[in-house]
Amino acid sequence: MERRNNFLSYGQQWISDEDIEQVILTLKSPFLTQGPKIKEFEDRVAEYVGAKYAVAFSNGTAALHGACFAAGIGTGDEIITTPITFAATSNAVLYCGGTPIFADIDEETYNIDAKEIKKNITPKTKAIIPVDFTGQPADMDQIMEIAKENNLIVIEDGAHSLGATYKGRKVGTLADMTMFSFHPVKPVTSAEGGMIVTDSYEYYEKLKLFRSHGITNDHLTSDEEPWYYEMVELGYNYRMTDLQASLGVSQLKRLDFFIERRREIAEIYTNQLRNISAITCPTQLEDTDSGWHLYSIQLDLGKLRLSRRDVFNQLRKLNIGVHVHYIPVYQHPYYQKLGYEKGLCPVAEKWYERALTLPIFPKMTQKDVDDVITGLKYILS
Ligand SMILES: Cc1ncc(COP(=O)(O)O)c(C=O)c1O
């Protein structure tokens, strides 16, 4: 099979002329940061998902850090999360002094397994951070039920799932706080960017403080000097710029179209690959509508004369940018140094050994999709 002329990445943004015009308009406006575009982006995302409040951050990791702060996570608190995620999810817990507890994943959805969450609850448990891996919402009804029974806060990592639905409800309305990321490979992009949506006014206020140095002038009386402001918490500069926000506002207009295209590509992959015995295609649960941020297959290595590394390398040689998402977080050297040991989540570890991410993004052409399918069939034949 012939090598593609250009490298097909696993994910990529789609920037329109309108997006570019909107960023230029902001560049020409008085505000590059702390201007009106931030609030506009927040309002649009809140409205889209059906949440009361939204707070934009410089990136999704900062947003998660903000959510952990707002939830009051601190030293001695245990936070249950999944190992099959980007390290930022559990890193946010560490930033606040909390301890991430990794609960194993469900064999079918690859999302955190509610039964495993229950097993890991102790008197120190403060919160749960489920991740909507690949864009498929975690089992949020069960998770919220467990949280209610045990008085826990739920922060949903929806970095992959803006626009996805769970039992007819949009991600962003299911947890106490939900994080979205606007990194270029994500459902829509603001270059870098993140947001927390919530229905809680209390969290909203804390998130705003945290994003901007912990400084406020909201509660000052008229007796105060006019320039006076107060730093009341140890916050950060995690602000999004108006340039990012104007790109985000413009991109959001095409979110539904982007997701539709992702769903079409996922359907083609599943139809074309499900009869190959060495491949297990991802399962889409009946009551969820995934945003298909990633298309992650499992290779049945027992049926192949090749290793996963061979399959990966041969596809890369064809210029097909397959990837692997994710190495179980606690297997990273930093986490190993903290004392997490291999073997902690056997389902996740077995899953990881067999995982392969295929390219999926709205701008892919039919030829791009065909190249991936033909390449895989050729290598596995
Ligand atoms: C599951 C998950 N959580 C958190 C993040 C962090 O988001 P960001 O890259 O916007 O900081 C990412 C992004 O890569 C992610 O995939």
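Residues numbered from 1 in each chain as written. Predicted model: local features only at pLDDT ≥ 70, side-chain atom pairs only at ≥ 80, totals over all residues. Heavy atoms only, no water.

### Concerning the pattern of salt bridges
Then step 1. Summed over the entire model, instances satisfying the criterion amount to 18 salt bridges.
Then step 2. A salt bridge links D371 to R4; its shortest N-O distance comes to 2.7 Å. Taken together, the positions of D371 in helix α13 (residues 366-380) and R4 in the segment before α1 (17-27) put the pair 367 residues apart, joining distant regions of the chain. The two residues D371 and R4 agree in class, both being buried.
Then step 3. The salt bridge involving K115 is made with D113; its shortest N-O contact spans 3.5 Å.
Then step 4. Given a relative accessible area of 57%, K115 falls into the exposed group.
Then step 5. Connected through salt bridges with shared partners, the residues R4, K367, D368 and D371 form a single ionic network. (Salt bridge = Lys/Arg side-chain N within 4 Å of Asp/Glu carboxyl O. Helix = DSSP H or I, 4+ residues; strand = E, 2+ residues; numbered from the N terminus. Buried < 20%, exposed > 50% of the residue type's maximum accessible area, 1.4 Å probe, protein only.)

### Digging into the domain arrangement of the protein
Then step 1. When cut into domains, the protein gives domain 1 (17-252) and domain 2 (255-380).
Then step 2. For domain 1 and domain 2, the distance between their C-alpha centroids amounts to 26 Å.
Then step 3. Around 3100 Å² of area is buried between domain 1 and domain 2 when both sides are counted, 62% of it from carbon and sulfur atoms.
Then step 4. For the pair domain 1 and domain 2, the interface holds 0 salt bridges. (Domains from an automatic or database assignment. Buried area = accessible area lost by both parts, 1.4 Å probe.)

### Quick notes on the packing of α1 against helix α8 (residues 242-252)
Then step 1. Where α1 contacts α8, the two axes come as close as 8 Å, and the packing angle between them is 150°. On the basis of the axis angle, α1 is roughly antiparallel to α8. Classified by chirality, the crossing of α8 by α1 is right-handed. Residues E18, D19, Q22, V23, T26 and L27 of α1 pack against D242, L243, S246, L247, S250 and Q251 of α8. (Axes fitted to C-alpha atoms, helices over the stretch in contact; angles between N-to-C directions. Parallel < 35°, antiparallel > 145°, perpendicular 65-115°, else oblique. Left-handed = near helix turned anticlockwise from the far one by under 90°. Contact = heavy atoms within 4.5 Å.)

### A look at unusual backbone geometry
Then step 1. Of note, the bond from H325 into Y326 is cis; its omega dihedral lies within 30 degrees of zero at 0°.
Then step 2. Tracing the sequence through the fold places Y326 in the loop between α10 (308-317) and α11 (333-337).
Then step 3. Phi is positive for Q34, which is not a glycine, with a value near 55°.
Then step 4. Here Q34 lies in the loop between α1 and α2 (36-49).
Then step 5. For Q34, a relative accessible area of 52% gives the class exposed.
Then step 6. Positive phi values are uncommon outside glycine, yet T134 reaches one of about 70°.
Then step 7. Relative to the helices and strands, T134 is located in the loop between β4 (125-129) and α6 (140-150).

### A closer look at the pairing of strand β2 (residues 78-81)
Then step 1. Burial of the side chains of β2 extends over both faces: E78 and I80 are buried on one face and I79 and T81 on the other.
Then step 2. Here β2 pairs with strand β3 (residues 99-102) via 4 bridges, running parallel. Pairing of E78 across the sheet is with T99, part of β3.
Then step 3. For the segment spanning β2, helix α4 (residues 88-95) and β3, crossover handedness is right-handed.
Then step 4. Both β2 and β4 contribute to a ladder of 4 bridges, which runs parallel. For E78, the partnering residue across the bridge sits in β4 and is T125. (Pairing = 2+ DSSP bridges. Right-handed = clockwise from strand over helix to strand, strands pointing away.)

### Describing the site of the ligand
Then step 1. Near the ligand there are 16 residues, and of these G60, T61, D157, S181 and K186 occur at the shortest range.
Then step 2. Separating an oxygen atom of the ligand from a side-chain N or O atom of H160 is a distance of 2.9 Å.
Then step 3. Within the side chain of S181, an N or O atom sits 2.8 Å from an oxygen atom of the ligand.
Then step 4. Contact with the protein chains covers 92% of the free accessible surface of the ligand, which is 380 Å².
Then step 5. Counting residues per element, the ones that place at least two in the shell around the ligand are α3 (60-70), α4 and β8 (177-181).
Then step 6. Per-class residue counts for the shell around the ligand are 6 nonpolar, 8 polar and 2 charged. (Near = heavy atom within 4 Å. Polar contact = N/O pair within 3.5 Å; in protein donor to acceptor, adjacent residues only side chain to side chain. Areas by Shrake-Rupley, 256 points an atom, 1.4 Å probe, with all protein chains shown as cover. Nonpolar A, V, L, I, M, F, W, Y, C, P; charged D, E, K, R; others polar.)

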